[in-house]
Amino acid sequence: MPYPDPFYPVVDSVAWVERLTKLGVGTIQLRAKDLNDAEALQIVTDALAVTRGTPTKLVVNDYWRAAIVAGAEHLHLGQEDLEGADLAEIRNARLTLGISTHDDEELATALKAEPDYIALGPIFPTTLKSMRFAPQGIPKITEWKKRIGDIPLVAIGGIKFEQAAEIFAAGADSIAVVSDITQNADPDARVRQWLGKSAKAA
């Protein structure tokens, strides 16, 4: 399977990781904010225990030290996290690396780190967190993909299942999904919809 998978949910708890793993999701990002070192190591360790022995790949957001200590294989960094991260240590630990981007300057910074994928967002307005950046829109996906070439492009931010076909057609290799799963009235059914769609996109 490609990395990251075409359907790429982002969740904030081990319970969500477990639920999605049982549904057969191929790539899950764990993004739990504002944890101290001990808390970060605990949640990463617990999430890895859930996915161990399954086809699911766990991507750790931000906590690169905890990811290394716990034996994770995949890491995602935002631009602020990237500034304070030891890229040499991350590479020595053989972690894959995805990086968030929102504008040309951030894309240039991300490409210097030779990431395994680039995330672009927010594509649409998102209510989950206040964004410093305006929505990128679908045409930006096509532009970004031309610029990064063979590096996988992940679209994120306010994307719902009904928009997936258009997002993939614009050039995204993967769609990161948050509220369309976690705030859905029937998350399991929505996940199955996404898995069916992304299998066709892969």
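## Some details on the environment of Ala172
- Tracing the sequence through the fold places Ala172 in the loop between helix H8 (164-170) and strand E8 (174-177).
- In this structure, the C-alpha to C-alpha distance between Ala172 and Ala93, residues 79 residues apart in sequence, is 28 Å.

## Quick notes on the environment of Thr182
- As for its position among the elements, Thr182 is in helix H9 (residues 179-182).
- Accessibility expressed as a relative area gives 27% for Thr182, which makes it partly exposed.
- For the pair Thr182 and Pro9, spaced 173 residues apart in the sequence, the C-alpha separation amounts to 9.0 Å.

## Points about the sheet that holds strand E1 (residues 7-11)
- Taken together, the eight strands give a closed barrel; going around it, the order is E1-E2-E3-E4-E5-E6-E7-E8, and neighbouring strands pair in parallel fashion. With direction set aside, neighbouring strand axes in the sheet form an average angle of 25°.
- In this structure, strand E2 (residues 27-30) lies alongside strand E3 (residues 57-61), joined through four bridges in parallel fashion. For Thr27, the partnering residue across the bridge sits in E3 and is Lys57.
- Sitting on the sheet, helix H6 (residues 104-112) touches strand E5 (96-101) and strand E6 (117-120), and the angle it makes with E5 is about 170°.

## A word on the packing of aromatic side chains
- Enumeration over the complete set of coordinates arrives at four aromatic pairs.
- With 5.4 Å between their ring centres and 15° between their planes, Phe7 and Trp194 make a pair best called stacked. Residue Phe7 is found in strand E1, and its partner Trp194 is found in helix H10 (residues 187-201); the two are separated by 187 residues along the sequence. For the pair shown, Phe7 and Trp194 are each scored as buried.
- With 5.6 Å between their ring centres and 80° between their planes, Phe161 and Trp194 make a pair best called edge-to-face. In this pair, Phe161 sits in the loop between strand E7 (153-156) and H8 while Trp194 sits in helix H10, placing the two residues 33 residues apart along the sequence.
- For Phe161, a relative accessible area of 17% translates into the label buried.
- Following the ring pairs from residue to residue traces out a cluster consisting of Tyr3, Tyr8 and Tyr117.
- Positioned above the aromatic ring of Trp144 is the side chain of Arg147, whose terminal nitrogen or guanidinium carbon lies 5.0 Å from the ring centre.

About the criteria used
- Residues numbered from 1 in each chain as written.
- Predicted model: local features only at pLDDT ≥ 70, side-chain atom pairs only at ≥ 80, totals over all residues.
- Heavy atoms only, no water.
- Helix = DSSP H or I, 4+ residues; strand = E, 2+ residues; numbered from the N terminus.
- Buried < 20%, exposed > 50% of the residue type's maximum accessible area, 1.4 Å probe, protein only.
- Pairing = 2+ DSSP bridges.
- Axes fitted to C-alpha atoms, helices over the stretch in contact; angles between N-to-C directions.
- Contact = heavy atoms within 4.5 Å.
- Phe/Tyr/Trp six-rings, centres within 6.5 Å; stacked < 30°, edge-to-face > 60°.
- Lys NZ or Arg CZ within 6 Å of the ring centre and 35° of its normal.

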